[in-house]
Amino acid sequence: MESDEIVAFFTKAMDDDPDLSAAIAAIQTLIEFIKLSSADTLVELRERLKRAIETVTNTDSSVTSVSSGCELFLRFITLTALDQTDFQQCKKIMVERGKVFLETVASSRDKIAKLAVPFITDGATILLHSKSRVILHTLVAAARANKRFQVYVTESCPDRSGLEMQRRLHQAGVPCTLILDAAIGYIMEKVDLVMVGAEGVVESGGIINKVGQRALWRVEELSTR
């Protein structure tokens, strides 16, 4: 696959399923890349995969999410010993490992929602920052469990991604109010729970997410509630 074909496959995967994360779309792209690769050795395939990852990372998507997801994928399929002498068989094994990795990552949203729903209590007021598919999935799961709660979501400038989150929550029947980013200090006294997504999780346990989250954290930390 050439660079333009890689970008086209990745973009189509994202367009076909709006709920698909950029990281999962990138992994699907890499699996397809391995299937179609004309590389003759494992070293050559790994180098081509790195270039493919760079191509996907340079698209107009979440750089952190795509790069971290692709790095983990590459480790998962190549660090375990490949004992086959036939390189085509090695490629087949790598594709199978890639599918296992993809299934594991894809199921994580349900697992996180299952663990998070108990923290949402009846009558809770929840504050969200920006848009997160995982949080959306969690809140929908809580609503289906007949929990009653109210949600405030920040507009999240400059891309105003909070508007999309508000729209998706309304579609799911979850009460939601959009607020200005600057209003988090005012609204915090009413909030019982703050929920944020993560584009990436670092080794220390910290997270990388949408700009403005640090200010949200500081306001929450200083809140007397």
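First, a word on scope: everything that follows refers to the structure included in this document. Predicted model, so just to flag it, every value in this text is computed and none were measured. (Residues numbered from 1 in each chain as written. Predicted model: local features only at pLDDT ≥ 70, side-chain atom pairs only at ≥ 80, totals over all residues. Heavy atoms only, no water.)

**Some words on the environment of Leu36**
Phase 1: By the element assignment, Leu36 lies in helix α2 (residues 22-36).
Phase 2: Leu36 sits in the exposed class, given a relative accessible area of 51%.
Phase 3: In the structure, Leu36 is positioned 55 residues away from Lys91 in sequence and 9.9 Å away in space, judged by C-alpha atoms. (Helix = DSSP H or I, 4+ residues; strand = E, 2+ residues; numbered from the N terminus. Buried < 20%, exposed > 50% of the residue type's maximum accessible area, 1.4 Å probe, protein only.)

**Describing the packing of α2 against helix α4 (residues 63-78)**
Phase 1: The contact between α2 and α4 brings their axes to 8 Å, and the two run at 40 degrees. Regarding the angle of α2 to α4, the classification is oblique. For α2 against α4, the interelement crossing comes out right-handed. Along the contact surface, α2 presents Ala22, Ala23, Ala26, Ile27, Leu30, Ile31 and Ile34, while α4 presents Ser65, Val66, Gly69, Cys70, Phe73 and Ile77.
Phase 2: Grouping the constituent residues of the contact of α2 with α4 by class yields 11 nonpolar, 2 polar and no charged. (Axes fitted to C-alpha atoms, helices over the stretch in contact; angles between N-to-C directions. Parallel < 35°, antiparallel > 145°, perpendicular 65-115°, else oblique. Left-handed = near helix turned anticlockwise from the far one by under 90°. Contact = heavy atoms within 4.5 Å. Nonpolar A, V, L, I, M, F, W, Y, C, P; charged D, E, K, R; others polar.)

**A look at the pairing of strand β1 (residues 124-128)**
In the case of a regular strand, side chains alternate between the two sheet surfaces.
Phase 1: Of all 5 residues making up β1, 5 are buried, and the element is well covered by its neighbours.
Phase 2: The pairing of β1 with strand β2 (residues 149-154) spans 5 bridges and is parallel. Each residue of the ladder has a partner; that of Leu128, found in β2, is Val153.
Phase 3: Each parallel crossover has a hand, and the one from β1 via helix α7 (residues 133-144) to β2 is right-handed.
Phase 4: Pairing analysis gives 3 bridges linking β1 to strand β4 (residues 193-195), with the strands arranged parallel. From the neighbouring strand, Ile126 faces β4, where its bridge partner is Leu193. (Pairing = 2+ DSSP bridges. Right-handed = clockwise from strand over helix to strand, strands pointing away.)

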